[in-house]
Amino acid sequence: MNPTLHFQKAQRIERSLAKLPAHLVEIRIEAAMLAATHWLNASLHALHANGESTDVLHTYMLTVNEFRRLSAAHQALMEMVAEIEDLRPVNVRGDTPGAEAAAERACELLARVRGMAQAIGAQVHSG
Amino acid sequence: MSLLHPLDDFELWFWSAMLGGTNAVNVALHMAQVTPAESAFPSQPGVYHVPDENAAGGHRAVLQSLGDVLHVGRPPIQGPVPDDVQRMMHAMEIIESHRDPCTRGESEPTADIVAQCQAAYAECLGLLRKRLAEVPA
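This is a predicted model, so every value here is computed, not measured.

Caption draft 1: Expanded view of the overall build of chain A. Looking only at helices and strands, chain A features 6 helices and 0 strands. Counting from the amino terminus, helix and strand elements in chain A follow one another as α-α-α-α-α-α. The C-alpha atoms of chain A give 14 Å as radius of gyration, which agrees with the globular expectation for 127 residues (14 Å, within 12%). If you line up chain A on its principal axes, its C-alpha atoms span 45 × 30 × 20 Å.

Caption draft 2: Just the sheet that holds strand 1 (residues 41-44) of chain B, in detail. Residues and elements named next belong to chain B. Pairing in this open sheet of 3 strands is antiparallel, and the strands run 1-2-3 from one edge to the other. In this open sheet, the two strands that pair with only one neighbour each are strand 1 and strand 3 (59-63). Ignoring strand direction, the axes of neighbouring strands in this sheet form an average angle of 35 degrees. The pairing of strand 2 (residues 47-51) with strand 3 spans 5 bridges and is classified as antiparallel. Bridging from a neighbouring strand, histidine 49 pairs with alanine 61 of strand 3.

Caption draft 3: Up close: the interface of chain B and chain A. The partner chain A presents 20 residues to the 19 residues of chain B that form the contact. Elements represented by at least two residues in the side of chain B that touches chain A include exactly helix 1 (10-31), strand 1 and helix 3 (99-104) of chain B. No other element matches the 5 residues that helix 1 of chain B contributes to the side of chain B that touches chain A. For the side of chain B that touches chain A, a count of residues per class yields 7 nonpolar, 7 polar and 5 charged.

Caption draft 4: Just the environment of aspartate 86 of chain A, in detail. Residues and elements named next belong to chain A. With respect to the helices, strands and loops of the structure, aspartate 86 is situated in helix 4 (residues 75-86). Exposure remark for aspartate 86: the 16 C-beta atoms within 10 Å place this residue in the partly exposed category. For the pair aspartate 86 and histidine 6, spaced 80 residues apart in sequence, the C-alpha separation works out to 22 Å.

Caption draft 5: Spatial organisation of the pairing of strand 1 of chain B. All names here are of chain B. In terms of strand pairing, strand 1 meets strand 2 through 3 bridges, oriented antiparallel. Looking at strand 2, one finds that proline 42 is bridged to tyrosine 48. The hairpin formed by strand 1 and strand 2 contains 2 residues between the paired strands, and glycine 46 there has a positive phi angle of roughly 90 degrees.

The rules behind each value
Residues numbered from 1 in each chain as written. Chains lettered and ligands numbered in written order. Predicted model: local features only at pLDDT ≥ 70, side-chain atom pairs only at ≥ 80, totals over all residues. Helix = DSSP H or I, 4+ residues; strand = E, 2+ residues; numbered from the N terminus. Rg over C-alpha atoms; globule rule 2.2 N^0.38 Å. Pairing = 2+ DSSP bridges. Axes fitted to C-alpha atoms, helices over the stretch in contact; angles between N-to-C directions. Contact = placed C-beta atoms within 7 Å. Nonpolar A, V, L, I, M, F, W, Y, C, P; charged D, E, K, R; others polar. Buried ≥ 20, exposed ≤ 12 C-beta atoms within 10 Å, placed from the backbone.

This is the structure in C-alpha cells:
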C-alpha cells in the first residue's frame, strides 16, 4: 500500500482512538499497534526499504534477517513498534494488573512513531 | 464497540468485535474442556506468557501446545470441538475474513461488511450466552 494511504489509515485509527476512555486498555493498545504499523509501513516505503507491495504485518512475524534489514533503515521506529507489540500478550490477552499503564505507554510510543514518520514523509517530499 | 461508529471508526469497531468474539470462543473452549483455563497468554501460536515473579515484567515466555487461540485457527484446535463452539468459530471466521483487507489493506469498509460482522458477532455471543445459561447453578 502506498505511503499516503498508510498515513490516512493511521490518522483514521488515531481519530477513533481519541474517542476511547483510558480504561478501555485492550483496544487502546491494539489501536496503537495498528496505527503505529501503518506509520512504520509508510516510512519503510518512503525510505525505499520496502516496496509498496510489501507491508510489515507484525514485527515479530519478520525473520531475524528481515528485522535486522529494516532496523538498518530505521532502528528507532522498528524498536518502538516492537515494544508496542510486546505489550499485547499480557495486557491485551491477559488479565494482569497494570494494563492501564501499558496502554499509556503504547499511546506514548505511538505519538513518537507518528512524529518520526511524519518527519520522514516531510523530508522525502522536500528532498 | 458502542463508543465507535461502525463505518467512521471501522478499524477499531471491527477490531473490538474481533477481540470480543475471540475471547468468547476462548471461554467456550475452556467450558468444553478443549483448552485449559489458565494464566497463559499467547504471543504467537505455541508461545505463551506465564506469570513468573523472577522474570522482567513478571512474565516469561514458554512453549506450550495447547491454550488460548490468538485468532480462530491460530493455532488450529486439535481434537473434537462441540457443535455450538464450531458454529462460534465459523462466525468468527466471517469476521476475520475482513481483517486484513479492511484494516491493513485498501478495501473500503461497506455497510454490507458491517452487517456481516454485526450478524456474526451477535451469533458468536448468542451461542456463548446459551452455553453459559446451561451451566448448572
